[in-house]
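Chain residues, written in single-letter form:
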Amino acid sequence: MAEVKIGDRVTAIYKTGKYIGEVTDIRPQHYLVRVLAVLKHPMQGDLHNPKEADVMLFHERRALAYREQTNVPKQMVKPFSEEIPDYKDSLQIALDKMRTELEGDSSPWAEQSIRNLDSLEKDYFK
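Below you will find a few notes about this structure.

Thresholds, definitions, all that
Residues numbered from 1 in each chain as written. Predicted model: local features only at pLDDT ≥ 70, side-chain atom pairs only at ≥ 80, totals over all residues. Heavy atoms only, no water. Helix = DSSP H or I, 4+ residues; strand = E, 2+ residues; numbered from the N terminus. Rg over C-alpha atoms; globule rule 2.2 N^0.38 Å. Buried < 20%, exposed > 50% of the residue type's maximum accessible area, 1.4 Å probe, protein only. Contact = heavy atoms within 4.5 Å. Lys, Arg positive; Asp, Glu negative; His and termini not counted. Charge placed at Lys NZ, Arg CZ, Asp CG, Glu CD. Phe/Tyr/Trp six-rings, centres within 6.5 Å; stacked < 30°, edge-to-face > 60°. Salt bridge = Lys/Arg side-chain N within 4 Å of Asp/Glu carboxyl O. Pairing = 2+ DSSP bridges. Axes fitted to C-alpha atoms, helices over the stretch in contact; angles between N-to-C directions.

What about the overall build of the protein?
- What the protein contains, in helices and strands, is two helices and five strands.
- Traced from its N-terminal end to its C-terminal end, the protein shows the element sequence β-β-β-β-β-α-α.
- Computed over C-alpha atoms, the radius of gyration of the protein comes to 15 Å, within 12% of the 14 Å expected from 2.2 N^0.38 for 126 residues, which places it in the range of a compact globule.
- With the principal axes as the frame, the protein shows a C-alpha extent of 45 × 30 × 25 Å.
- Across the 126 residues in the protein, those meeting the buried criterion constitute 38%.
- A separation threshold of at least 6 residues defines the contact pool for the protein, and within that pool the share at least 24 residues apart is 59%.
- Across the protein, the mean location of the 19 positive side-chain charges is 5 Å away from that of the 21 negative side-chain charges.

Written as structure tokens, this is what we have:
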């Protein structure tokens, strides 16, 4: 992979979400990435028990906010050279895509995930 430098535009996978961002610092094991757009909304529920609804706490997982910075392991960062979409537009597209995927699944996990997404969407776009 080409060397990533401060200021480079990248895709970054953080937990179960995928983002477009800009590298703002380079650390020994991570890049500090400033979020500019959302490519994939994080999955809902317990990360340690994926796709399970019967867990102690079913987490509502928000997408990282516009210009929020996060440490991303170096192996989860790739160069990005396309046009960067508007953050809110990209967030809506990512939510819609995840909702469509979940609507094809009749499991309790998918149903709870859709409820979480509905709640998040109201908060994101108020």
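A closer look at the packing of aromatic side chains
- Summed over all chains, the structure comprises two aromatic pairs.
- Judged by centre distance (5.7 Å) and plane angle (50 degrees), the rings of Y66 and Y87 are tilted. Residue Y66 is found in the loop between β3 (30-40) and β4 (69-73), and its partner Y87 is found in helix α1 (residues 87-103); the two are separated by 21 residues along the sequence.
- A residue is classified by how much of its surface remains accessible, and Y66, at 48% relative accessible area, is partly exposed.
- Seen in terms of ring centroids, Y124 and F125 are 6.2 Å apart; in terms of plane orientation they differ by 85 degrees. Their pairing is edge-to-face.

Comments concerning the environment of V35
- Take V35: it is sitting in strand β3.
- The buried category is assigned to V35, whose relative accessible area is 2%.
- With 14 residues separating them in the primary sequence, V35 and G21 have C-alpha atoms 4.4 Å apart.
- V35 has contacts with Y19, I20, G21, L64, A65, Y66, R67, E68 and Y87, leaving out every residue within four places of it along the chain.

Examining the pattern of salt bridges
- On inspection of all chains with the given rule, the structure shows eight salt bridges.
- Here R34 makes a salt bridge to E22, at a shortest N to O gap of 3.3 Å. With R34 in strand β3 and E22 in strand β2 (residues 17-26), the pair connects residues that are twelve residues apart, well separated along the chain.
- We note a salt bridge from K126 to D123, for which the minimum N-O separation is 3.0 Å.

What about the sheet that holds strand β1 (residues 9-14)?
- Ordered by their spatial adjacency, five strands build an open sheet running β4-β3-β2-β1-β5, and the pairing between neighbours is antiparallel. Two strands bound the open sheet, and with one partner strand each, they are β4 and β5 (77-79). Along the sheet, successive strands turn relative to each other by an average axial angle of 45 degrees, direction set aside.
- Both β3 and β4 contribute to a ladder of five bridges, which runs antiparallel. Pairing of H30 across the sheet is with P73, part of β4.

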